[in-house]
Amino acid sequence: MSEFLSRIQKAAPTASDVTGRRWFYIPYDRLTDAVGPLAEHRAGDCGIVLVESQQKALRRPYHKKKLVLLLANERHFALEQAARGVKVVYVFTRGSFGDGLLEAQRQHSFCEMAVTRPAERELRIDLDLARAAGLRLNELEDAAWLSTKEDFQRAFPNGRSYVMDRFYRAMRVKTGILMVKGKPVGGSYSYDAENRKTYRGEVPVPVRPTYAPDSITMEVIELVNRYFPSNFGNTDGFEMPVTAKQSDDAWRFALKYLLPHFGPFEDAMSSREPELFHSKLSALINLSRLLPRRVVDDVAEEYAKGDIPLASAEGFIRQVLGWREFMRHLHDATDGYRTLDVEQEQHPSDGSAYAGATPSYLGAALPLPAAYWGVTSGLNCLDISVKQVVREGWSHHIQRLMVLSNLATLCGFSPRELTDWFWFAYVDAYDWVVEPNVLGMSTYADGGLTATKPYISGAAYINRMSDYCRDCRFDPKKNVGPDSCPFTALYWTFLDKHEQKLRSNSRLKMPYATLGKKSVAEKAALRERAEQAIASLESVPRPEY
């Protein structure tokens, strides 16, 4: 018997525990006792059910480190709650999470259980199907979020043109965070313009704490390697937080040593320091190991004490209080982007309720190339970014937006395939955050529902914000020719190809003015270079899972 099973079985309920305690299903991404049912009831009055679902794990070739992170945190959480005096039923099922709960209900004769409304649409489907099959499960409000559905509806009463800034300002006013007498501190809601410095080693990047796997985590690593050998990435060097104490320690380190320098270099990309001053804790926030309210309050407090500059504090808070909350509401309001009235990609689907939305406003549908699986492309920015994702299951937001998504958008690669790639490749990706981010902001597949323009650029931006181009075989200062960086040709060809849909966009007025000055011959040369680049990327077979 495994060490985890032998330890968790000691917390199994007796018959009197089943009838004498309130029972809660704890989803895999709500591993907290600081808010919600476990905060509202005494440990001795509670029982919890946790489920590991093989069906969910097999749905996508999830990064091996993502599986380890999630399962190790869930198992440690179960042991932590048992140590508090909470009774624990831990279920392993080959079926769905709902199937696991039905098994627990039959085995222990639970009269009823309760759960906070699941964050993931996929989990809500699982539970709805199980309820139809007889699961007695009540739904409670999820207190882990910073905003409510009503907050979102008040910000967008017409139900269209969802611009995050409007929601973010409303949330700043509601919460009073970084506000004085109803006005934003410093006179501005956003200091994004101050957070665009390149990184040239001006400030040394601190060495982050790491957390060697204990015996419980080692069991999970062995399980993942045994049952998911062909999944994306690997488990080598797994040292991420898996306990409440480790998560707290990682956050305290980030708060003291990273976030004071976060803002200025927020958008920078460095091959030597790929993590820079990013907290790199989004996965723990999405698992509720760190609560968004806590991290936002802590950063605001450190700003008030003078330990974090305003631009750094506001930049971090905007991501959590603004963008993160905005994304989950948008996903909810559009049923995971399924209700959009835009062109759809003809994407293979099994017709199930789990099938992903396929908006493709610009008609993008090419298969995602092998380079996203780690096959060398020769584009240094792409290869460095993908290598990091394969190794860690993480890269920061500018690599995601302006390298990985930018290239896919310019080339016309399938928005749905790119979304699914991000979903299984990143340790912090769940449907509510990855679908609106990729189908919306990153690829403009939603036709501008969330972004005021496509987030695209040529080689000049990548060269300015990174050191990638220095060691690349392609020259960012050349637009055409075999040694030119294809990003520039792809950029102008993209604008030319989609002029009918994009020219009226006021934020693209200057690029289209520049495009209009290019000769027919120049446009043809750019188009030829762009087509060569796409053909080269597509020529290599990608791995099969």
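Scroll up to find the structure this text is about.
All residue numbers refer to position in the chain's written sequence, counted from 1. Given that the model is predicted, a residue must reach a pLDDT of at least 70 before its local features are reported, and side-chain atom pairs must reach 80 or more before they are shown or counted; all residues, however, enter totals for whole chains, interfaces and linings. To obtain the side-chain values, all non-hydrogen atoms of the structure were used and water was disregarded.

### Considerations on empty space enclosed by the protein
This is how it is decided: Lining residues are defined by having an atom within 4 Å of a point belonging to a cavity or pocket. Those points lie on a 1 Å grid over the protein atoms alone, cavities being sets where a 1.4 Å probe fits but cannot get out and pockets being open sets with protein on both sides within 12 Å along at least five of seven lines. Grid points are joined across faces, edges and corners, and a volume is the space filled by probe spheres set on the points. Residue polarity is assigned by list, with Asp, Glu, Lys and Arg as charged and Ala, Val, Leu, Ile, Met, Phe, Trp, Tyr, Cys and Pro as nonpolar; anything else, Gly included, falls into the polar class. The secondary structure listing takes helices from DSSP runs of H or I that are at least 4 residues long and strands from runs of E that are at least 2 residues long, numbered from the N terminus.
Tallying each qualifying case throughout the model produces four cavities of 30 Å³ or more. When its volume is computed, the largest cavity comes out at roughly 100 Å³. Taken together, Tyr25, Ile26, Pro27, Arg30, Thr32, Val35, Gly36, Pro37, Val115, Thr116, Asp142 and Ala144 form the lining of the largest cavity. Residues belonging to the lining of the largest cavity are distributed by class as follows: seven nonpolar, three polar and two charged. The space that makes up the second largest cavity amounts to roughly 80 Å³. For the second largest cavity, the lining is made up of 13 residues, of which Cys381, Ile462, Cys469, Cys472 and Cys485 are closest to its centre. Taken together, the elements giving at least two residues each to the lining of the second largest cavity come down to helix H15 (380-392) and helix H19 (459-465).

### Digging into helix H22 (residues 509-516)
Rule in force here: Burial here depends on accessible area, computed with a 1.4 Å probe over protein chains only, as a share of the maximum for the residue type. Under 20% is buried, over 50% is exposed, and the range in between is partly exposed. Within this analysis, the arc is defined by the directions that extend from the helix axis to the C-beta atoms.
Residues Pro511, Tyr512 and Leu515 constitute the buried set of H22. Along H22, the residues classed as buried sweep out an arc of 95° about the axis, all on the same side. Away from its buried face, by an angle of more than 90 degrees, H22 presents the exposed residues Lys509, Met510 and Gly516.

### Focus on unusual backbone geometry
Negative phi values dominate among residues other than glycine, just as trans dominates among peptide bonds. The phi angle at serine 288 is positive, at roughly 70°, despite the residue not being glycine. Looking at the element boundaries, serine 288 is found in the loop between helix H12 (282-286) and helix H13 (292-304). What makes serine 288 buried here is its relative accessible area of 2%. Non-glycine residue tyrosine 444 carries a positive phi angle of around 60°. Mapped onto the elements, tyrosine 444 comes out in the loop between helix H18 (431-442) and H19.

### So, the pairing of strand E5 (residues 137-140)
Basically, it comes down to this: Strands were regarded as paired on the criterion that DSSP finds at least two bridges between them. Place the viewer so that the strands point away; then a crossover is right-handed whenever the path from the first strand over the helix to the second strand goes clockwise.
Two strands pair when backbone bridges link them, and strand E4 (residues 113-116) and E5 are joined in this way by four bridges, in the parallel orientation. Its bridge partner lying in E5, methionine 113 is registered against leucine 137. In this fold, the crossover linking E4 to E5 by way of helix H7 (residues 121-132) has right-handed handedness.

### Examining the packing of aromatic side chains
Aromatic rings in a pair are described by how distant their centres are and how their planes are angled relative to each other. Just so we agree on the cut-off: Pairing of aromatic rings covers Phe, Tyr and Trp, the last counted by its six-membered ring, and requires centre-to-centre distances within 6.5 Å; plane angles under 30 degrees mean stacked, over 60 mean edge-to-face, and any other angle means tilted. For a Lys NZ or an Arg CZ to count as sitting over a ring, it must be within 6 Å of the ring centre and within 35 degrees of the ring normal.
What the rule picks out here adds up to 29 aromatic pairs. With centroids separated by 5.5 Å and ring planes inclined at 45°, the aromatic side chains of tryptophan 323 and phenylalanine 326 adopt a geometry described as tilted. Linking tryptophan 323 with phenylalanine 326, this pair stays in helix H14 (residues 310-333), spanning three residues, or about one helical turn. Across this residue pair, the class does not change: tryptophan 323 and phenylalanine 326 are buried. With a centroid separation of 5.1 Å and 80° between ring planes, the pair formed by tryptophan 421 and phenylalanine 422 is classed as edge-to-face. One exposure class covers both tryptophan 421 and phenylalanine 422, and it is buried. Taken together, the ring pairs in this structure connect Phe232, Tyr372, Trp373, Trp421, Phe422, Phe424 and Tyr426 into an aromatic cluster. Sitting above the plane of the tryptophan 423 ring, arginine 60 keeps its charged end 3.5 Å from the centroid. The ring of tyrosine 361 is capped by lysine 501, whose NZ or CZ atom sits 4.4 Å from the centre of that ring.

By themselves, these figures tell us nothing about what the structure is for.
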